[in-house]
Amino acid sequence: MKRKLDLCLQDAVAAAQEKGELISVALPEIVIEHPQDAAHGDFACGLPLKLARPMKLSPLDIAQRISKCISLPAEIDRLSVAAPGFINFTVRDGWLWEQVETILSGGEAYGNLSLGKGVRVQVEFVSANPTGPLHVGHGRGAVLGSALANVLAAAGYEVEKEYYLNDTGSQIDNFGQSLYARYQQCRGREARMPEGGYLGDYMVALAKDISREYGDKFLTMPEEEALADIGRIGLEKMLGNIKEDLELLGIEFDVWFSEKTLYQKGQYDEVMAMLRNKGCVVEKENATWLETSALGEDKDNVLVRSDGSPTYFASDIAYHYDKFYGRKFHHVIDIWGADHQGHISRMKTVAGALGIDPDQLKVITYQLVTLRRGREIVRLSKRSGDIVTLRELLEEVGRDACRFTFLSRSADSQMDFDVELAKKKSADNPVYYVQYAHARIASILRLAEQRNIDYSQGEVSLLSSEPELTLIRRLVLLPETVESAAIALQPHYLTYYAQDLATVFHSFYKQCRVVSGDRALTRARLKLVRATQVVLAKTLHLMGMNTPEEM
RNA sequence: GCGCCUGUAGCUCAGCAGGAUAGAGCGCAGCCCUGCGAAGGCUGAGGUCGCGGGUUCAAAUCCCGCCAGGCGUACCA
């Protein structure tokens, strides 16, 4: 619709120029927006304000001249010119009524777009080291990533969700050593935790688990062998734990990508050779460096440590090489915590050096999460040991409230997660406000069913009162909400849309009796209510939430 | 020091590819259930959009400089 108005305005200006009403100047980009005041119509355009200077005419004058030459699309009922120089458009009621039918026939597919044209996009998120349980911050990334994947899929992209599993490297060794030490302690043997080892209580619990399951088995074998076995078993258990957490959040990944395979299958060697050939690699101070400073970075970065082991940076280069060259994704979206922010610039730089357009790699960072219980603030630091796990939060707050809360802030914004508020099953909580609207509709539809009301032939043109038309106007905003969320990579738009839609529905409900003695109007309103349910359900599903029939 | 993010109502936050009187939820002061779910609706109070410059017909939005907070600045990931 916006696109149609855009074209129609371009034509109108061209026509006016041909007639000599307006002089010929370069047109700025035409922006069609929704006026905040409903009295100004459905769409508005401030083009005349922008043309005033180059055309040396008053904006109102220009607006008049454009509107005289305009031929309105069929969907538009009327146009008005308003000070200081806006052209406002109002859609036909008939168009709105058609939309109700469109929504009903589209069902869950309503709101889907072809914006992405089937382009392959990978969304990689969470990717937490399997050396400990997921914490609250990972939860934010998880919800963000999965909702974004849903939005992009709805927008017409072919989306793959991926978890990058760091299953090799120094942290994994450290994990194995820590676990081995705890295991020995469990079996009553003296053992010291490694330097910088994993001190969390969960490691003790994990060791007890293994101790119970395997007894003294690992005490009797050579240390090296025991270390390897315990490390492997511990990792599997941790990973199982992480998968359970994600399942509780309603998240499934298409691919679990193992870092280890980058070394086994050659991507690491290939990309290192590529960088060497380009002359970006130097040996100095006993290590192998990538000369990122020559590519515009602040400094060089180590690829291979002096002990011969590759850095995280090096394996991430191989990983991204595989994403673009191995698996040929057109776009890759990485979702990282703000603490990885320093990594973005050099990754993009390397991508560029490898011949990848840096714009094909989009990194979304989300700011840290602060937990609050009423006034009490709990900072989520790894150091202090009082990490709140995602599991604990999920058990306390519940999946939907958790998802909604994480989604209700832009990723750029530091987040205060108020556990007290998220837990409340009352009006204070926007989660239930939205779901309540869905349940309320379900209840109305149940009543209609009980009374054997068949509304399939409902006459939507009876929906002519202000609350009804206002509601339809909100329903039709879903496609463009999906579009802007997909373009801006900001899934939090959905939560605001959902709340707004719920508000408008509740208001409609108060003013318009649905199941009444007027049988024709009842059928028409049932159609509207059902359409609202479809849109609400779609929005909730995009957010990864449930659509309760009753609460 | 340098880089990224943030600063909007008492609190938590939207809005920021410039546009018409700056929005929401909570909290606060009130009103509305003898008809489909009151987990609801309605009214009201509450703002120098961190501060100072600049660009523009028009700035919360763009540019510059300050101030404040978070994160990063490793041969950690």
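Residues numbered from 1 in each chain as written. Chains lettered and ligands numbered in written order. Predicted model: local features only at pLDDT ≥ 70, side-chain atom pairs only at ≥ 80, totals over all residues. Heavy atoms only, no water.

With that out of the way, let us pick up the environment of A351. Tracing the backbone through its elements, the reader meets A351 in helix α13 (residues 342-353). Owing to a relative accessible area of 7%, A351 belongs among the buried residues under this scheme. For the pair A351 and H320, spaced 31 residues apart in the sequence, the C-alpha separation amounts to 7.8 Å. (Helix = DSSP H or I, 4+ residues; strand = E, 2+ residues; numbered from the N terminus. Buried < 20%, exposed > 50% of the residue type's maximum accessible area, 1.4 Å probe, protein only.)

Attention shifts here to the sheet that holds strand β8 (residues 281-284). Here three strands make up an open sheet; going across it, the order is β8-β9-β10 and the pairing antiparallel. Two strands lie at the open edges of the sheet, namely β8 and β10 (301-304), each paired on one side alone. Adjacent strand axes in the sheet meet at a mean angle of 45 degrees, parallel and antiparallel pairs treated alike. The strands that helix α12 (residues 312-326) touches are β9 (287-290) and β10; relative to β10, the one it contacts most, it runs at about 75 degrees. (Pairing = 2+ DSSP bridges. Axes fitted to C-alpha atoms, helices over the stretch in contact; angles between N-to-C directions. Contact = heavy atoms within 4.5 Å.)

Now for the domain arrangement of chain A. Segmentation of chain A into domains returns domain 1 (2-91), domain 2 (137-147 + 252-366) and domain 3 (170-248). The straight-line distance from the C-alpha centre of domain 1 to that of domain 2 is 48 Å. (Domains from an automatic or database assignment.)

The next point concerns the packing of helix α4 (residues 93-106) against helix α21 (residues 519-542). Axis separation between α4 and α21 bottoms out at 9 Å; the angle between their running directions is 55 degrees. As far as their axial angle goes, α21 and α4 are oblique. The two elements α4 and α21 meet at a crossing, and its hand is left-handed. Between α4, through V100, E101, I103 and L104, and α21, the contact on the second element is made entirely by K527, L528, R530, A531, V534 and V535. (Parallel < 35°, antiparallel > 145°, perpendicular 65-115°, else oblique. Left-handed = near helix turned anticlockwise from the far one by under 90°.)

So, about the layout of surface pockets. Its boundaries defined by the atoms lining it, the second largest pocket holds a volume of some 1600 Å³. In terms of lining residues, the second largest pocket is bounded by 50 residues, among which K2, H34, F43, L477 and E480 are the most central. Those elements that provide at least two residues to the lining of the second largest pocket are α1 (2-18), β3 (76-82), β4 (86-91), α4, α18 (466-475), α19 (478-488) and α20 (493-511). If you tally residues by element for the lining of the second largest pocket, the top one is α19, at six residues. Here the residues of the lining of the second largest pocket sort into 24 nonpolar, 13 polar and 13 charged. (1 Å grid on protein atoms, 1.4 Å probe; cavity = no way out; pocket = protein on both sides within 12 Å on 5 of 7 lines; lining within 4 Å. Points joined across faces, edges and corners; volume = space filled by probe spheres on them. Nonpolar A, V, L, I, M, F, W, Y, C, P; charged D, E, K, R; others polar.)

Let us now look at empty space enclosed by the protein. For the structure on display, the rule yields one cavity of 30 Å³ or more. Roughly 50 Å³ of internal volume is contained in the largest cavity. What lines the largest cavity is simply I317, H320, Y321, F324, M347, V350, A351, L354, I356 and L361. Considering each element in turn, the lining of the largest cavity owes the most residues, four residues, to α12. By residue class, the composition of the lining of the largest cavity is nine nonpolar, one polar and no charged.

For the rest of this paragraph, the subject is the state of the cysteines. Counted under the stated rule, the structure contains zero disulfides. Here C8 stays unpaired: no disulfide links it, and the sulfur of C45, its closest cysteine neighbor, is 9.7 Å away. The structure places no disulfide on C69, whose sulfur is separated from the nearest cysteine sulfur, that of C8, by 11 Å. What makes C69 buried here is its relative accessible area of 15%. (Disulfide = S-S within 2.5 Å.)

Now for the pattern of salt bridges. Taken as a whole and assessed by the stated rule, the structure comprises 29 salt bridges. Here R78 makes a salt bridge to D77, at a shortest N to O gap of 2.8 Å. (Salt bridge = Lys/Arg side-chain N within 4 Å of Asp/Glu carboxyl O.)

Take unusual backbone geometry next. Put simply, A83 and P84 share a cis peptide bond, and its omega is 0 degrees. The topology assignment puts P84 in the loop between β3 and β4. Positive phi values are uncommon outside glycine, yet N452 reaches one of about 55 degrees. Structurally, the position occupied by N452 is in the loop between α17 (430-450) and α18. According to the relative accessible area criterion, N452 is exposed, its value standing at 68%.

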